[in-house]
Amino acid sequence: MSKMGNETLKAELGRSAWRVLHTMAGKFPTEPNLDEQQAMQDFIYLFARLYPCGDCARHFKTVLEGHPPIVTSRTTITQWACDVHNVVNKRLHKPIFDCAKVLELWKCGCAEDASGTNSSVSTTS
Ligand code: FAD
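Being a predicted model, the structure only gives us computed values, none of them experimental.

Reading the values: the criteria
Within any chain, residue numbers begin from 1 and follow the written order of that chain's sequence. Whole-chain, interface and lining totals are the exception, using all residues; otherwise, since this is a predicted model, local features are given only for residues with pLDDT of at least 70 and side-chain atom pairs are given and counted only at 80 or more. Note on conventions: DSSP H or I runs of at least 4 residues are helices, E runs of at least 2 residues are strands, and numbering of each starts at the N terminus. Three exposure classes are used, based on other C-beta atoms lying within 10 Å of a residue's own C-beta, which is placed from the backbone: buried for 20 or more, exposed for 12 or fewer, and partly exposed in between. Throughout, a residue-residue contact means that the two C-beta atoms, derived from backbone geometry, are no farther apart than 7 Å. Throughout this description, a residue near a molecule or strand is one whose C-beta atom, derived from the backbone, lies within 6 Å of it. For this classification, Asp, Glu, Lys and Arg are treated as charged, while Ala, Val, Leu, Ile, Met, Phe, Trp, Tyr, Cys and Pro are nonpolar and the rest, including Gly, are polar. UniProt positions are given in the numbering used here, feature names are shortened, and annotations may be inferred rather than shown by experiment. Each residue after the first adds 1.5 Å to the expected span of a helix. Only buried residues count toward a nonpolar core: Ala, Val, Leu, Ile, Met, Phe, Trp, Tyr and Cys, linked into one set through C-beta atoms within 7 Å. Per-residue confidence from the predictor is given as pLDDT, running between 0 and 100.

What to know about the overall build of the chain
- Helix and strand counts for the chain stand at 5 helices and 0 strands.
- Seen in sequence order, the chain has helices and strands lined up from the N terminus as α-α-α-α-α.
- Burial statistics for the chain: of 125 residues in total, 14% are counted as buried.
- Sequence-distant contacts, at least 24 apart, represent 50% of the contacts inside the chain between residues at least 6 apart.

What follows is the structure, given as structure tokens:
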């Protein structure tokens, strides 16, 4: 495959991966219990370890060393995700995103129960 093709695929992968990360953060419980906090932390470190673009994964692991995930609430994790995305944006000379707008941009359209936690059974998504 051409260099251009690879770059296009890498960018598509990135857009999809950021969508998953930001929408997961936006659906994280507002007051997560310890098990939920551990699950999010584990997911993020495994995401960095298994991310299929090797150069991106190597860089992202170093980003995590300087910016460990803050999993204590929905607010902290959404801001953290925005911050680390901005670190990658900076590396790629892309515009820095205004993190005050992160929750309004990344909505998944999924059902949510009254406590603000993810529904295990959803009929709308
Ligand atoms: P993206 O950066 O994919 O962003 C998608 C949309 O998210 C934007 O259009 C904007 O609306 C919104 N957005 C932008 N910044 C933020 C923010 N801070 N918070 C919330 N929303 C935001 N590519 C490389 O070439 N080299 C790398 O080292 C590399 N590392 C990556 C590491 C990770 C963990 C991930 C998930 C992706 C990485 N990528 C890397 C891919 C890269 O970040 C982009 O996804 C890709 O270049 C496509 O960029 P884009 O301009 O379409 O927007």
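Here the narrative resumes, following the displayed structure.
Some words on the site of the ligand
- What surrounds the ligand is a group of 22 residues, the closest being Gly14, Ala17, Cys56, His85 and Phe97.
- Considered class by class, the residues forming the shell around the ligand number 12 nonpolar, 6 polar and 4 charged.

Observations concerning the UniProt feature "domain: ERV/ALR sulfhydryl oxidase" (unreviewed entry) in the chain
- Within the UniProt annotation, "domain: ERV/ALR sulfhydryl oxidase" (unreviewed entry) is assigned to residues 6–106.
- With 73% helix and 0% strand, the stretch residues 6–106 has end C-alpha atoms that lie 26 Å from each other.

Some thoughts on helix α4 (residues 74–91)
- Between the first and last C-alpha of α4 there are 26 Å, a value that for 18 residues agrees with the 26 Å anticipated at 1.5 Å per step.
- Every buried residue of α4 is accounted for by Ile77, Thr78, Trp80, Ala81, Cys82, Val84 and His85.

A word on the nonpolar core
- Within the largest apolar cluster, 11 residues are counted, these being Leu21, Ala25, Phe28, Met40, Ile44, Val71, Ile77, Trp80, Ala81, Cys82 and Val84.
- Of all the secondary-structure elements, those providing two or more residues to this core are α1 (3–27), α2 (34–50) and α4.
- Top element by residues in this core is α4. It accounts for 5 residues.
- Aside from chain neighbours lying at most four places away, what touches alanine 25 is Ile77, Thr78 and Ala81.

Thoughts on the confidence of the model for the chain
- Summary statistics for the chain give a mean pLDDT of 88 and a share of 86% for residues scoring 70 or more.
- For the chain, the element scoring lowest by mean pLDDT is helix α5 (residues 102–105), at 87; α2 scores highest, at 98.
- Confidence drops under a pLDDT of 50 for residues 118–125, and excluding neighbours within four residues, the segment shows 13 contacts in the predicted structure.
- Interface confidence for the predicted complex, expressed as ipTM, amounts to 0.99; the pTM equals 0.90.

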